[in-house]
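# Results of the structural survey
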Amino acid sequence: RDDDKVNILSVDGSNYEYIVTDVKIVSPSKLLNQIVAEASTERRLTLITCATEYGDGYRRLVICHMQGED
């Protein structure tokens, strides 16, 4: 959901907090294009997981921006 938080703890002990800004359901035929289209120089995290409730091969993209950055 928008505004949910995702915390990443790196191997060096640093903690990074991201805020969910968008969730997209993507068909298998559009997945690669969507990932390339979302490429950015911003500090962003994109989680990709199965969304098979929409059909075989569908994926859920959870797009997050680093806390404090727009």
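Residues numbered from 1 in each chain as written. Predicted model: local features only at pLDDT ≥ 70, side-chain atom pairs only at ≥ 80, totals over all residues. Heavy atoms only, no water.

## Observations regarding the sheet that holds strand 1 (residues 5-9)
The criterion, for reference: Two strands are said to pair when DSSP picks up at least two bridges between them. Only DSSP runs of H or I with at least four residues qualify as helices, and only runs of E with at least two residues qualify as strands; both kinds are numbered from the N terminus onward. To get an axis, fit a line to the C-alpha atoms, keeping to the stretch in contact for a helix; angles then go from 0 to 180 degrees between the N-to-C directions.
Judged by pairing direction, the sheet is antiparallel, and its four strands sit side by side in the order 1-2-4-3 without closing on themselves. Unpaired on one side and paired on the other, strand 1 and strand 3 (44-50) mark the two borders of the sheet. Here the average twist between neighbouring strands, direction ignored, is 35 degrees. Judged from the seven bridges that link them, strand 3 and strand 4 (residues 59-66) form a sheet pairing that is antiparallel. Pairing of Thr 46 across the sheet is with Ile 63, part of strand 4.

## Details of the pairing of strand 4
Operational definition: Burial status follows relative accessibility: with a 1.4 Å probe on protein chains alone, a residue under 20% of its type maximum counts as buried, one over 50% as exposed, and anything between as partly exposed.
Counting buried positions over the eight residues of strand 4 gives six, a clear majority of the element. Sheet analysis places strand 2 (residues 15-26) next to strand 4, joined by eight bridges and oriented antiparallel. Paired with Val 26 across the bridge in strand 4 is Arg 59.

## Comments concerning the nonpolar core
The condition is simple: Put simply, a nonpolar core is a bunch of buried Ala, Val, Leu, Ile, Met, Phe, Trp, Tyr and Cys residues held in one set by side-chain atoms that sit within 4.5 Å of each other.
Of all hydrophobic cores here, the largest spans seven residues; its members are Val 6, Tyr 18, Val 20, Leu 45, Val 62, Cys 64 and Met 66. Those elements that place two or more of their residues in this core are strand 2 and strand 4.

## Describing the confidence of the model for the chain
To be explicit about the condition: pLDDT gives the predictor's per-residue confidence on a scale running from 0 to 100.
Looking at the chain, pLDDT values average 88 and 97% of them are 70 or higher. Mean pLDDT across the secondary structure elements of the chain bottoms out at helix 1 (residues 31-37), with 80, and peaks at strand 1, with 95.

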